[in-house]
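# Architecture and fold: a report
Chain by chain, the residues:
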Amino acid sequence: MKMICKLLLMLVPSLLLSCGKEPGAGASLDDIVFNGPEKIELMAGESIELSLSIPSGLKVDISWVYDRKVLSTSDKLAFSVDSPQEGTLTIILKDSNKKTRTIERPVLVLRKEGGYKVIGYLPQYKNTTDIPWGKLTHVNLAFAKVKSDGTLDDAGIRNVFGSLSRTASSYGVRLVLSLGGGGGSDEQAAITAALLNENARKKIVQNAVKTVQDLSLAGIDLDYEDWDWGKGSGNVAKQAAVLDLLTQLRSELGNASILSAAASVNTFENGWYSSEIISLLDYITIMTYDKTGTWSASEGPHAPYDYFTGACVTAVNLGIPKEKIIPGIPFYGRIFPSGKPANSYIITYSDIVKTYSGAENKDSIESEHLWYDGVPMVTRKTQYVKEQELGGVMIWEITQDATTASASLLNAINATLN
């Protein structure tokens, strides 16, 4: 009997253990809890603490992955990103039986307030579903065409962009109505006729402000390009008309709204944007591209570095505050078939990198008589903006960028400015 009692005393603990659960027994990867938001939003350079709650005793291998890089293999991560962008944080979990679970969270990194402006034009005939919101501060909606009587042809703007305001606001991006544009000769004649007529100018103001209010936009950008070349006397009346139009727009919009303008290098060099005009504007974008084209005597780069920097120097010498100067970067190139300017045509940067291997690391393919801005040139220009403490950069236009991260010009801009 004593022997039986001893055996029972020895067996009871083991029986109890076999009936109960050892620490971690029965827990699986599905029991791991991610301690963080459903969508990770933070400012560039800001850090957020993320962690996992793992059942005691469950053995698991952890990999936190962002932008194809493993950031941590522990149950905690101090997550930060230096430049504005969108992406996905992926957590890969693997247990001792080689079973896996993946947790994904969308990431939106916004630009710090008060930083450089990255202003992208978005034409109404392009797709609006893939706007790189996290890499921009402003989007100029192009274009509301001005008719000769001062009314606007803005049906496309309203139909295509009418629902974008809420999305833009969630990303901290300001939507701006752009009036005018490069257009054909008929469109240029119409906007000039309206500008030079006092009653038509008032209608431009009334109609443009109404569109801004109806679509909940942040302001108005004037892209008037029908200036006479050089110091043509016709520009005197145009200059006075632009000044009056902008004065009325500023009065109607108020100081809280954006009022900007786009101008060619020729316009700057000949002084048609006066100090009075500049004082009304929050900033002015300079079209530092299209130096060459069908109008040229010979082929060559349409947006060379010295053309870019020279325009900025001219603007500074005119007394324009540096923070108001926003030079432009083209997301397209120009091909001169057989070296003949008369036959030149535009090719988007996205098509360039798809067509020519390694094109993102160059700024020309001379065998094809092709010139453009690749990643090194865009980085160099953006670095100049940063060194000179200018206001930022403008882009024509954002849908022409490469889709791969390493070739993206917007990525190069953001990486340099931040």
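Just above, that's the structure.
Only a predicted model underlies this, so the values are computations on that prediction, with no experimental measurement involved. (Residues numbered from 1 in each chain as written. Predicted model: local features only at pLDDT ≥ 70, side-chain atom pairs only at ≥ 80, totals over all residues. Heavy atoms only, no water.)

To continue, consider the pairing of strand E16 (residues 325-330). For E16, the tally of buried residues reaches six of six residues, placing the bulk of the element in the interior. Residues Ile325, Pro327 and Ile329 of E16 are buried on one face, and the alternating residues Ile326, Gly328 and Pro330, pointing to the opposite face, are buried as well. Handedness of the crossover joining strand E15 (residues 283-287) and E16 through helix H9 (residues 305-317) is recorded here as right-handed. Strand direction decides the pairing type here: E16 and strand E21 (residues 392-396), joined by three bridges, are parallel. (Buried < 20%, exposed > 50% of the residue type's maximum accessible area, 1.4 Å probe, protein only. Helix = DSSP H or I, 4+ residues; strand = E, 2+ residues; numbered from the N terminus. Right-handed = clockwise from strand over helix to strand, strands pointing away. Pairing = 2+ DSSP bridges.)

Glancing now at the pairing of strand E13 (residues 219-223). Taken across its five residues, E13 has five buried, putting it largely inside the fold. Burial along E13 is two-sided: Gly219, Asp221 and Asp223 and Ile220 and Leu222, pointing in opposite directions, are all buried. Pairing of E13 with strand E14 (residues 258-264), which is carried by five bridges, proceeds in the parallel orientation. Looking at the pairing, Asp223 lines up with Ala262 of E14.

This paragraph deals with the pattern of salt bridges. A complete count under the given rule lists 13 salt bridges for this structure. With its nearest N and O atoms 3.4 Å apart, the salt bridge here joins Arg105 to Glu38. Of this pair, Arg105 sits in strand E8 (residues 100-110) while Glu38 sits in the loop between strand E1 (33-35) and strand E2 (40-43), and the two are 67 residues apart along the sequence. By relative accessible area, which is 15% here, Arg105 ends up buried. For Glu38, a relative accessible area of 59% gives the class exposed. The salt bridge involving Arg250 is made with Asp282; its shortest N-O contact spans 2.9 Å. Placement of Arg250 in helix H6 (residues 234-253) and of Asp282 in the loop between helix H8 (275-280) and E15 is noted, with a sequence separation of 32 residues between them. Accessibility expressed as a relative area gives 12% for Arg250, which makes it buried. (Salt bridge = Lys/Arg side-chain N within 4 Å of Asp/Glu carboxyl O.)

Moving on, we come to the packing of aromatic side chains. If you walk through the whole model with that rule in mind, you get 13 aromatic pairs. Look at Tyr305 and Tyr384: their rings are 6.3 Å apart centre to centre, the planes differ by 85 degrees, and that puts the pair in the edge-to-face class. A residue pair is termed long-range when its members are at least 10 positions apart, and Tyr305 in helix H9 and Tyr384 in helix H11 (residues 375-387) qualify at 79 residues. With relative accessibility at 11%, the residue Tyr384 sits in the buried group. The interplanar angle of 75 degrees and the centroid separation of 6.0 Å between the aromatic rings of Phe336 and Trp371 together place this pair among those described as edge-to-face. One end of the pair, Phe336, is in the loop between strand E17 (332-335) and strand E18 (345-348); the other, Trp371, is in strand E20 (residues 370-371), with 35 residues separating them in the sequence. Here Phe336 falls in the buried class, since its relative accessible area comes to 0%. Within the aromatic cluster, the residues linked to one another by ring pairs are Tyr121, Phe143 and Trp396. (Phe/Tyr/Trp six-rings, centres within 6.5 Å; stacked < 30°, edge-to-face > 60°.)

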